[in-house]
Amino acid sequence: MKKLGVPIGVTLILLWCLLPVAWIISLSFKSEESITAGNPGFLPGEGTFAGWANYDKVLSDPLYDYFPRAILNSIGISLIATALSVIVATLAAYAIARLEFKGKRLVLSLALVIAMFPVVSLVGPLFDMWRTLGIYDTWIGLIIPYMSFTLPLAIWTLSAFFREIPWEMEQAAQVDGATSWQAFRKVIVPLAAPGVFTAAILTFFFAWNDFVFGISLTSTEAARPIPASLAFFVGADPFNRPASLLAAAAVISTIPIIIIVLLFQRKIVAGLTSGAVKG
Amino acid sequence: MSTTAVQTATPTSKVPKAESDRSKSENRLGQRLVLPSIILMLIVTAFPMLRALYLSVFDYTLTAPDDRSFVGFSNYVTALTDPLFWTSTGITVLYMLVTVAIELVIGFIFAMVMHRLIFARGVVRTSILIPYGIITVVSGFAWQFAFSYQNGFVNSWLPFIGADFNWFGDTTPAVIAICVSEIWKTTPFMSLLLLAGLAQVSEDMVEAAKVDGATWWQRLWKVVLPNMRSAIMVAVLFRALDAYRIFDNIFVMTAGAEDTASISFLTYRQTIEQFQLGMGSALSVLLFLSVLVIAFLIIKLFRVDLAAARQEG
């Protein structure tokens with residue numbers, strides 16, 4: 001009994017994590033006709049398998065033009081927001097980990113408050129402000145809120161990493177004849193890079209995932225990101241959501257996440273737990 | 001580990017003049033480095049929040065911007081006397097209590113399994129990150145289709161439920177479906193935090209209790225859990241506040257039908273869908289205040305020491 005505990009547990013965890021993913025993949029391969037007719041069950045039944053037809057349709061049918069466009073928006077907006085947020089957070093986290101200054105507590109408290117902020121309570125005024133400023137329904141109109149909302153996580157994760165860096169090594173390098181810039185670049189940057197990279201992944205996840213800002217601060221396909229685009233996904237018949245097409249689109253939007261998780265599992269776990277627990 | 005870094009930065013040598021110059025320049029550098037973060041965080045939170053406070057005392061609809069008129073607190077009175085507001089608040093608290101409680105239990109079991117794991121660690125941790133990383137809207141759709149009686153599999157897998165049972169036709173089953181989606185998505189985060197907490201419990205103490213004849217349950221309740229108290233509390237605090245903001249799953253799965261609308265959803269509908277910026281702003285302020293109350297209650301009630309948990313706070 002005792003020996004069985006862990007294998008049973010592992011099986012349960014894997015089932016828990018992968019079942020809905022397997023289900024949406026299965027759904028994405030069912031033919032549109034069979035879904036409209038009602039096709040309960042987990043796997044595509046006899047004669048309802050559609051192959052790649054759904055994927056082909058959401059990526060190239062003019063009716064779903066907005067979806068490839070949403071992929072482009074999501075990639076662009078998320079990457080820019082991530083890069084900028086991590087740069088700004090790195091400066092702050094370095095200061096917090098390394099320097100004594102007035103206002104340190106203020107930054108940390110502000111970050112804590114923002115992490116708890118109910119996002120929806122901001123979209124009304126932001127909607128109004130962005131329209132006045134002319135950045136409603138633009139990339140920049142989403143990049144700014146994404147940056148602000150990912151800063152707390154990035155600052156915590158980074159300052160936790162930076163505290164672990166043995167800063168004395170910088171001085172040791174200087175003693176050995178390196179200039180302070182060389183010492184910083186050759187010693188500290190390589191040590192800090194993994195932390196910065198982890199913060200970037202977590203920030204990217206947030207931006208890729210966001211829904212509230214995405215639906216509130218955009219109105220056309222000019223800037224609408226994937227999650228918002230999925231929520232407004234309608235096919236030829238506006239009263240029947242095209243489930244199998246939507247599933248295909250959902251699978252496509254999940255691919256980047258799966259790739260990042262597969263490649264950087266260790267870093268993500270370290271980042272999540274250090275940012276939130278060790279802090 | 002944090003103290004060493006700080007100490008090298010501010011050596012406690014007794015050279016008053018040079019030291020004060022140095023600390024002054026350090027002070028300036030530190031403030032300059034955090035300034036961009038502070039400005040960015042304030043642009044998107046403090047300023048809009050003040051603006052919401054201001055707009056909330058007006059009758060202001062975007063479709064008729066010229067008819068803006070000062071109405072004092074009447075938006076708040078309307079909101080607080082409307083049963084819809086209280087239904088939404090009640091259902092939001094319910095979502096929060098149910099999801100956090102279940103996540104805590106399942107998350108802890110998962111953390112225990114992962115803690116005991118020797119091989120296949122990578123596979124399990126990779127899998128557990130997938131729900132965490134997936135777009136909430138996508139998981140909402142996956143579960144909505146799974147519960148659908150036309151296309152889903154849930155009805156055929158659950159023997160005590162009829163094949164044509166409509167999960168989204170009534171409040172209770174719809175709330176269950178929404179909670180399932182929410183719990184699926186966020187349990188991994190909880191379990192990773194608890195796993196980090198478990199790692200901090202000293203094995204020696206557990207062994208000592210075992211030698212003293214404590215049963216598995218006794219070791220769990222008397223040794224393991226008390227020692228990871230701060231990790232549990234921080235996880236609960238963060239998840240609870242996150243759960244209180246529930247929005248994506250409701251938007252996707254029921255669009256607020258059958259009394260499943262959360263307070264966030266109600267606010268969104270007033271502001272963005274119906275363009276009632278005045279009323280919506282009043283709801284925004286109320287939503288913000290209720291989050292503050294919950295944060296305060298959790299911190300006081302469970303005496304969460306955020307300063308200790310964050311080491312700096």
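A quick note: this is a predicted structure, and the numbers were derived from the prediction, not measured. Starting from 1, residues in each chain are numbered consecutively following that chain's sequence as written. In the order they appear in the text, chains get letters beginning with A and ligands get numbers beginning with 1. This being a predicted model, a pLDDT of at least 70 is required before a residue's local features are given, and a value of 80 or more before pairs of side-chain atoms are given or counted; all residues contribute to the totals for chains, interfaces and linings. With hydrogens and water set aside, each side-chain value is computed from the structure's full complement of heavy atoms.

1. What to know about the overall build of chain B
Part 1 of the reasoning: In this text, helices come from DSSP runs of H or I with a minimum length of four residues, and strands from runs of E with a minimum of two, each type numbered from the N-terminal end. Helix and strand content of chain B: 16 helices and two strands.
Part 2 of the reasoning: Here the radius of gyration uses the C-alpha set of atoms, whereas the globule reference equals 2.2 Å times the residue count to the power 0.38. The globule rule puts the C-alpha radius of gyration for 313 residues at 20 Å, and the 25 Å found for chain B is more than 25% above it.
Part 3 of the reasoning: With respect to the three principal axes, the spread of C-alpha positions in chain B is 70 × 60 × 35 Å.
Part 4 of the reasoning: Exposure categories follow from relative accessible area, calculated using a 1.4 Å probe and restricted to protein chains: below 20% of the type maximum is buried, above 50% is exposed, and the middle band is partly exposed. The burial tally for chain B puts 54% of its 313 residues in the buried class.
Part 5 of the reasoning: Whether two residues are in contact is decided by their heavy atoms, any of which lying within 4.5 Å being enough. Contacts in chain B between residues at least 24 apart in sequence constitute 65% of all its contacts with a sequence separation of at least 6.
Part 6 of the reasoning: Accessible surface area values rest on a Shrake-Rupley calculation with a 1.4 Å probe, where residue burial reflects the displayed protein chains alone. When the accessible surface of chain B is summed, it comes to about 14,500 Å², and 65% of that surface belongs to carbon and sulfur atoms.
Part 7 of the reasoning: Note on charges: Lys and Arg go in the positive column, Asp and Glu in the negative column, and His and the chain ends are not counted at all. Charge placement uses NZ in Lys and CZ in Arg. For Asp and Glu, CG and CD serve respectively. Counting 22 positive and 22 negative side-chain charges, chain B places the centres of these two groups 13 Å from one another.

2. Structural notes on empty space enclosed by the protein
Part 1 of the reasoning: Cavities and pockets are found on a 1 Å grid laid over the protein atoms alone: a cavity is a set of points where a 1.4 Å probe fits but cannot escape, a pocket is an open set with protein on both sides within 12 Å along at least five of seven lines, and a lining residue has an atom within 4 Å of such a point. Grid points are joined across faces, edges and corners, and a volume is the space filled by probe spheres set on the points. Scanning the model with the defined rule gives three cavities of 30 Å³ or more in all.
Part 2 of the reasoning: By volume, the largest cavity amounts to about 1,100 Å³.
Part 3 of the reasoning: Residue lining of the largest cavity: 38 residues in total, with Ala115(A), Phe206(A), Arg239(B), Asp242(B) and Arg245(B) positioned closest to the centre.
Part 4 of the reasoning: Take the lining of the largest cavity: its biggest share by element is five residues, from helix α7 (residues 139-164) of chain A.
Part 5 of the reasoning: A class-by-class count of the residues in the lining of the largest cavity yields 23 nonpolar, seven polar and eight charged. Each residue is assigned to one of three groups, with Ala, Val, Leu, Ile, Met, Phe, Trp, Tyr, Cys and Pro labelled nonpolar, Asp, Glu, Lys and Arg labelled charged, and all others, Gly among them, labelled polar.

3. What to know about helix α6 (residues 120-133) of chain A
Residue and element names in this part refer to chain A.
Part 1 of the reasoning: Take the residue count of a helix, subtract one, and multiply by 1.5 Å to get its expected span. An ideal rise of 1.5 Å per residue puts 20 Å on 14 residues; α6 measures up with 20 Å between its terminal C-alpha atoms.
Part 2 of the reasoning: One fitted axis covers the seven residues ending at a residue, a second covers the seven starting there, and the bend at that residue is the angle between these axes. At Leu126, α6 shows its largest kink, close to 30°.
Part 3 of the reasoning: Taken residue by residue, α6 has Val120, Ser121, Leu122, Val123, Gly124, Pro125, Leu126, Phe127, Asp128, Met129 and Trp130 as its buried positions.
Part 4 of the reasoning: One or two steps after α6, the chain reaches Gly134, where phi turns positive at roughly 75°.

4. Observations concerning the interface of chain B and chain A
Part 1 of the reasoning: If you look at the interface, chain B gives 104 residues, while chain A gives 106 residues.
Part 2 of the reasoning: In this description, buried area is defined as the sum, over both parts, of the accessible area (probe of 1.4 Å) that is lost when the two are combined. Taken over both partners, the interface formed by chain B and chain A buries close to 9,400 Å², and the fraction arising from carbon and sulfur atoms is 76%.
Part 3 of the reasoning: Any carboxyl oxygen of Asp or Glu within 4 Å of a side-chain nitrogen of Lys or Arg constitutes a salt bridge here. Where chain B touches chain A, the interface holds one salt bridge.
Part 4 of the reasoning: Close ionic contact of Asp128(A) with Arg51(B) constitutes a salt bridge, the shortest N to O distance being 2.8 Å.
Part 5 of the reasoning: By residue number, the principal contributor to the side of chain B that touches chain A is helix α2 (residues 16-44) of chain B, which donates 15 residues.

5. Description of the UniProt feature "domain: ABC transmembrane type-1" (unreviewed entry) in chain B
Part 1 of the reasoning: UniProt positions are given in the numbering used here, feature names are shortened, and annotations may be inferred rather than shown by experiment. Look at the UniProt record and you will see "domain: ABC transmembrane type-1" (unreviewed entry) annotated at residues 89-298 of chain B.
Part 2 of the reasoning: Split by type, residues 89-298 of chain B is 78% helix and 0% strand. Its first and last C-alpha atoms lie 17 Å apart.

6. With respect to the nonpolar core
Part 1 of the reasoning: For the purposes of this section, nonpolar cores are sets of buried Ala, Val, Leu, Ile, Met, Phe, Trp, Tyr and Cys residues that join through side-chain atoms within 4.5 Å. Counting residues in each nonpolar core, the largest one holds 200 residues, and the members touching the most others are Phe67(A), Leu230(A) and Phe233(A).
Part 2 of the reasoning: Split by domain, this core shows at least three residues from each of two domains, domain 1 (1-50) and domain 2 (53-274) of chain A.
Part 3 of the reasoning: In this structure Leu230(A) touches Phe67(A), Leu246(A), Ala249(A), Ala250(A), Ser253(A), Val137(B), Val138(B) and Phe141(B), once residues within four positions along its chain are discounted. Where each domain begins and ends follows an automated or database-derived domain assignment.

7. Here's the deal with a nonpolar patch on the surface
Part 1 of the reasoning: Here a patch means residues that are over 30% exposed by relative accessible area and free of salt bridges, tied together within 9 Å if like-charged and within 5 Å if nonpolar (Val, Leu, Ile, Met, Phe, Trp, Tyr). On the surface, a nonpolar cluster with roughly 280 Å² of combined accessible area is contributed by Leu4(A), Ile8(A) and Leu12(A).
Part 2 of the reasoning: Inspection of the secondary structure assignment puts Ile8(A) in helix α1 (residues 2-28).

8. So, the domain arrangement of chain A
The accessible area lost on association of the parts is a frequent measure of interface size.
Residues and elements named next belong to chain A.
Part 1 of the reasoning: Each domain of chain A was delimited in the assignment, giving domain 1 (1-50) and domain 2 (53-274).
Part 2 of the reasoning: Look at where the C-alpha atoms of domain 1 and domain 2 centre, and you get two points 30 Å apart.
Part 3 of the reasoning: Between domain 1 and domain 2, the contact holds 11 residues from the first and 12 residues from the second.
Part 4 of the reasoning: Between domain 1 and domain 2, roughly 860 Å² of surface is buried when both sides are summed, and carbon and sulfur atoms account for 64% of that area.
Part 5 of the reasoning: There are one salt bridge connecting domain 1 and domain 2.
Part 6 of the reasoning: The residue Glu32 makes a salt bridge to Lys57 at a minimum N-O spacing of 3.0 Å.
Part 7 of the reasoning: Residues adjacent in sequence count toward polar contacts only when both atoms are side-chain atoms; beyond that, a polar contact is any pair of N or O atoms within 3.5 Å, and within protein one must be able to donate a hydrogen and the other to accept it. Remark: the boundary between domain 1 and domain 2 carries five residue pairs in polar contact (both at pLDDT 80 or more).
Part 8 of the reasoning: When residues of the side of domain 1 that touches domain 2 are traced back to their parent elements, those giving at least two are α1 and α2 (32-36).

9. Comments concerning the UniProt feature "transmembrane region" (unreviewed entry) in chain A
Residue and element names in this part refer to chain A.
Part 1 of the reasoning: Per the UniProt entry, the sites bearing "transmembrane region" (unreviewed entry) are residues 70-94, 106-127, 139-162, 187-208 and 243-264 in this numbering.
Part 2 of the reasoning: For residues 139-162, the end-to-end C-alpha separation is 31 Å, with 100% helix and 0% strand making up the annotated structure.
Part 3 of the reasoning: Helix makes up 100% of residues 243-264 and strand 0%, and the two end C-alpha atoms of the span are 31 Å apart.

10. Points about the side chain of Ser56(B)
Part 1 of the reasoning: Relative to the elements of secondary structure, Ser56(B) occurs in the loop between α3 (46-55) and β1 (58-59).
Part 2 of the reasoning: Those residues in contact with Ser56(B), other than ones at most four positions away along the chain, are Gly72(B), Asn75(B), Tyr76(B), Gly278(B), Ser281(B) and Ala282(B).

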